[in-house]
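# Notes for the structure review
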Amino acid sequence: MSNAAAEPIETSLPRARIDWIPLILVPVLAIATLPLVGNVSAWVTLTVAGLAMGMMIFLMASGLTLVFGLMDIINFGHGVFISLGAYATLLVLGPLAGWASADSIGLNLALLVLCIAAAMGLTAVVGVVFERVIVRPVYGNHLKQILVTMGGLIVAEQAIHAIWGASPIPVPVPETLRGAFVIGDIVMERYRVVAIGIGLLVFFAMQVLLNRTRIGLLIRAGVENPEMVEALGYRIRRLFVSVFVAGSALAGLGGVMWAFYRQTLTAGMGMEVMVLVFIVIIIGGLGSVGGCFVGSVLVALMANYVGFLAPKLALVSNILVMALVLIWRPQGLFPVARR
Amino acid sequence: MAKGIDEPLLRLEGVHTHIGPYHILHGVYCEVPNGELTMLLGRNGAGKTTMLRTIMGLWRASSGSIHFDGRDITALPSPDIARSGIAYVPEAMAIFSDLTVRENIVLAARNGPVHSSRLDWMFGLFPALKRFWNLPAGHLSGGQKQMLAIARAIAEPRRLLLVDEPTKGLAPVMIHSMIEAFRALKAAGETILLVEQNFHAASQLGDNVIVMDDGLIVHSGAMSDLVADKALQQRLLGLSLDSHQ
Ligand SMILES: Nc1ncnc2c1ncn2[C@@H]1O[C@H](COP(=O)(O)OP(=O)(O)OP(=O)(O)O)[C@@H](O)[C@H]1O
Ligand SMILES: [Mg+2]
């Protein structure tokens, strides 16, 4: 075949650029606060706590941002999966309490893995039902989505009360995950380090899935233009259900991590953290997993630093971060191109 | 499927389309013959885009029927319509800008990797795609995006290409390349329904022509007949071929 459309104009070679400015915000924030905190060991403690919290928020938020990006669904019920995931630990801790108190890293980690598996399994199943019964009837209507998913949240909270009772339930951190790693006068709580590890693992797994697999390509394409994905011959609905269920399971995972972090279960714990989750997905750019990750870390670090430096401002610090980010980039840190 | 030689590949019969409260297509009858290039003309707002979207199932026909390859596709969901062998290049191109050129093509090829000879053929038509293969499609120029949108439609063999105003907003020299690309596609035997505002360009390419106005087909026939009949052009399109040369 001939060079039919040989390009007549020599265009300058466009370069693929990584948008690095949002990425350096995190180290910049961390380094900038070091002199303010003034004390390296306190700063390390705050930073590790912030990173751990950021990873947990990321786990809870990553599914929601994709659900919004793909189907334009606002799901206030997402907190259900966080609470349910947290309570699912009881299913494992009940029969295997001995594994938690055993002084064995193997048994402790196995217990954690089982808790995660139980939580993700339970929340995935509930996710299938939730999508079918609550979300599906309200496509295309944001007001109904907010009302109906809120309703689903309330029902689920009451169900948790009915099953596990209304009073807070203590959750023991497995024996060897308690305490801290001490290096000189730097103290890092072990569980927080584990949480950071799990968060990073999930983040990189998601990056591989989204960038290296066909289904990942479809998700990214669908977030940008679901209609064109359909016109190419793919059923966006099926894709969406899978993402919804995976997102629910990730929220369940986040719930487990959150439960051990707080060491207490309450039915409302999912709802409480949803404010942060929404802030994070707005900061990150709706539909952007990378943005959600950076946003989570940013918000959590900020909360920890401000909580130490100016406790009175702790409550407004997240809103402040959001406002500043949105003034700078109204579509979030990593705006997702849309139709 | 055994078909008569004059059986059209695509046939619309009495198609009405409503978008919300608006009645846009008012009973469209038309045919697209197999193996030919059919131009769809009409002024702005005539309903050309609405017709293509209705064929793709992106708007639902409220009545009437659409037959493709002997099969009633009127009520099929869009992905099934696509899978029956229709590729669509929308007016807004709708390339995935966060994905690389390669990834855009990979998604368009539903049945696995694009055959290398086909890839070479596509690169021959649109060399820019080869050059920018691993670049996010959002970085391409308008003309290159349009080429990617068309390449996506031909990444695998399809029975019918629906292409909505591929020359819109392009510089004259780009329009020229685009016309050449369609000439090559036509020579390769593709069946194409092509929306084009520029009658001069359309007249060079089309075997057949359909003219729409106000949600109705007001003329259809051989392109050569319309080219020869200046009075008809004047009446249908309000311009003559000469005025565009
Ligand atoms: N989403 C929509 N909602 C309401 N009306 C619409 C919508 N899309 C198109 N229309 C109307 O339908 C009519 C036909 O539009 P359509 O886009 O099909 O025309 P067209 O022939 O493709 O025009 P153009 O040459 O400008 O692309 C127009 O009057 C337009 O205003
Ligand atoms: Mg149009």
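As the structure is a prediction and not an experimental result, all values here were calculated from the model.

Along chain A, the regular secondary structure elements total 13 helices and 4 strands. Its C-alpha radius of gyration of 21 Å places chain A within 12% of the 20 Å reference for a compact globule of 339 residues. Based on the C-alpha atoms only, the size of chain A along its principal axes is roughly 75 × 50 × 40 Å. Per-residue burial over chain A gives 52% buried out of 339 residues. Counting contacts in chain A only where the partners sit at least 6 residues apart, residues at least 24 apart contribute 78% of the total. Put simply, chain A shows about 14800 Å² of open surface, and 71% of that area lies on carbon and sulfur atoms. When the 19 positive and 14 negative side-chain charges of chain A are each reduced to one mean point, those points stand 5 Å apart.

Another aspect to go through is the sheet that holds strand β1 (residues 10–19) of chain B. Residue and element names in this part refer to chain B. Strand order in the open sheet made by the 4 strands is β2-β1-β4-β5, with antiparallel pairing throughout. Each edge of the open sheet is held by one strand with a lone partner, namely β2 (22–32) and β5 (71–72). Both strand β4 (residues 61–68) and β5 contribute to a ladder of 2 bridges, which runs antiparallel. The residue bridging Phe 68 from the neighbouring strand is Arg 71, located in β5. Across the sheet, helix α1 (residues 48–55) is in contact with β1, β2 and β4; its angle to β1 comes to roughly 110°.

So, on to the pattern of salt bridges. Counted by the stated rule, this structure contains 18 salt bridges over all chains. A salt bridge links Asp213(B) to Arg43(B); its shortest N-O distance comes to 2.8 Å. A residue pair is termed long-range when its members are at least 10 positions apart, and Asp213(B) in strand β9 (residues 208–213) and Arg43(B) in the loop between β3 (37–41) and α1 qualify at 170 residues. Owing to a relative accessible area of 29%, Asp213(B) belongs among the partly exposed residues under this scheme. Put simply, Lys168(B) and Glu91(B) hold a salt bridge, and the shortest N to O gap is 3.2 Å. Linking Lys168(B) in the loop between β7 (160–164) and α7 (172–187) with Glu91(B) in the loop between β6 (86–89) and α3 (101–108), this pair joins segments that are 77 residues apart in sequence. One continuous salt-bridge network, built from bridges that share partners, spans Glu131(A), Arg136(A) and Arg237(A).

This brings us to the site of ligand 1. All names here are of chain B. Lining the immediate surroundings of ligand 1 are 15 residues, of which Lys 48, Thr 49, Thr 50, Glu 91 and Gln 197 lie closest. Between an oxygen atom of ligand 1 and a main-chain N or O atom of Gly 45, the distance comes to 2.8 Å. The contact in question runs from an oxygen atom of ligand 1 to an N or O atom on the side chain of Thr 49, over 2.6 Å. In the complex, the protein chains occlude 64% of the 630 Å² of accessible area that ligand 1 would expose alone. Looking at which element gives the most residues to the shell around ligand 1, the answer is α1, with 3 residues.

Residue and element names in this part refer to chain B. Bridge analysis of β1 against β2 gives 8 bridges, and the strand direction is antiparallel. Following the sheet pairing, Arg 11 is matched in β2 by Glu 31. Hairpin geometry of β1 and β2 is characterised by an intervening segment of 2 residues between the two adjacent antiparallel strands and by a positive phi of about 55° at Gly 20. Examined bridge by bridge, β1 and β4 share 6 bridges and lie antiparallel to one another. Considered in β4, the bridge of Leu 10 is made with Phe 68.

All names here are of chain B. Most of β7 sits out of view: 5 of its 5 residues are buried. Burial of the side chains of β7 extends over both faces: Leu 160, Leu 162 and Asp 164 are buried on one face and Leu 161 and Val 163 on the other. In this sheet, β7 lies alongside β6 in parallel orientation, the contact comprising 4 bridges. Residue Tyr 88 lies in a different strand from β7, and its bridge partner there is Leu 162.

Residue and element names in this part refer to chain B. Only Thr 49 (OG1), Glu 91 (OE) and Glu 91 (OE) from the protein reach the magnesium ion (ligand 2) as donors, at distances of 1.8 to 2.8 Å. Taken together, the positions of Thr 49 in helix α1 and Glu 91 in the loop between β6 and α3 put the pair 42 residues apart, joining distant regions of the chain. On the basis of relative accessible area, Thr 49 is assigned to the partly exposed category, the value being 23%. With a relative accessible area of 25%, Glu 91 lands in the partly exposed category.

Right, let's talk about the environment of Phe123(B) for a bit. Inspection of the secondary structure puts Phe123(B) in helix α4 (residues 116–125). Sequence-distant contacts of Phe123(B), defined by excluding residues within four places in its chain, comprise Leu129(B), Lys130(B) and Trp133(B).

End to end, helix α3 (residues 78–93) of chain A covers 24 Å across 16 residues, agreeing with the expected 22 Å (1.5 Å per residue, within 8%). In terms of burial, α3(A) is a largely internal element, 15 of the 16 residues being buried.

Before going further, it helps to spend a moment on the domain arrangement of chain B. All names here are of chain B. What the domain assignment reports for chain B is domain 1 (7–85 + 159–235) and domain 2 (96–157). Each side of the interface is counted separately: domain 1 has 15 residues, and domain 2 has 13 residues. Of the roughly 1100 Å² buried between domain 1 and domain 2, counting both surfaces, carbon and sulfur atoms make up 76%. The three residues of domain 1 that bury the most area against domain 2 are Met 174, Met 178 and Leu 185, which together make up 33% of that side's buried surface. Taken together, the connections running from domain 1 to domain 2 amount to 1 salt bridge. In this structure, the connection of domain 1 to domain 2 is made through 1 residue pair in polar contact (both at pLDDT 80 or more).

All right, on to unusual backbone geometry then. Located in the positive-phi region is Ala94(B), a residue other than glycine, with phi close to 55°. By the element assignment, Ala94(B) lies in the loop between β6 and α3.

Calculation rules
Within any chain, residue numbers begin from 1 and follow the written order of that chain's sequence. To read the labels, note that chains go from A and ligands from 1, taken in the order they are written. Predicted model: local features are reported for residues with pLDDT of at least 70 only, side-chain atom pairs are reported and counted for 80 or more only, and whole-chain, interface and lining totals are derived from all residues. Each side-chain value is worked out from all heavy atoms of the structure, with water and hydrogens disregarded. Here a helix means four or more residues in a row that DSSP labels H or I, a strand means two or more in a row labelled E, and each is numbered from the N terminus. Taken over C-alpha atoms, the radius of gyration is set against a globule rule of 2.2 Å times the number of residues to the power 0.38. Any residue under 20% of the maximum accessible area for its type is buried, any over 50% is exposed, and the rest in between are partly exposed; the area is computed with a 1.4 Å probe on protein chains only. Contact definition: two residues touch when any of their heavy atoms are within 4.5 Å. To measure how exposed things are, a 1.4 Å probe is used in the Shrake-Rupley method; for residues, cover is taken only from the protein chains shown. His residues and chain termini do not enter the charge count, which takes Lys and Arg as positive and Asp and Glu as negative. We put the charge of a Lys on NZ, of an Arg on CZ, of an Asp on CG and of a Glu on CD. Here, any two strands with at least 2 DSSP bridges between them count as paired. In this analysis, axes come from line fits to C-alpha atoms, helices being fitted only over the stretch in contact, and the angle between any two N-to-C directions falls in the range 0 to 180 degrees. The salt bridge definition used is simple: a Lys or Arg side-chain nitrogen within 4 Å of an Asp or Glu carboxyl oxygen. A single heavy atom is enough: if one lies within 4 Å of a molecule or strand, its residue is considered near that molecule or strand. Any N or O atom pair separated by 3.5 Å or less is treated as a polar contact, with the protein-specific requirement of one donor-capable and one acceptor-capable atom, and with residues adjacent in sequence counted only for side-chain atom pairs. As a rule, N, O and S atoms within 2.8 Å of a metal are its donors, except that Na, K and Ca use 3.2 Å; water is not among the atoms, so sites may look incomplete. To estimate the expected span of a helix, count its residues, drop one, and scale the result by 1.5 Å. In this entry, domain limits derive from an automatic or database-based domain assignment. What counts as buried area is the accessible surface, traced by a 1.4 Å probe, that two parts surrender upon association, with contributions from both included.

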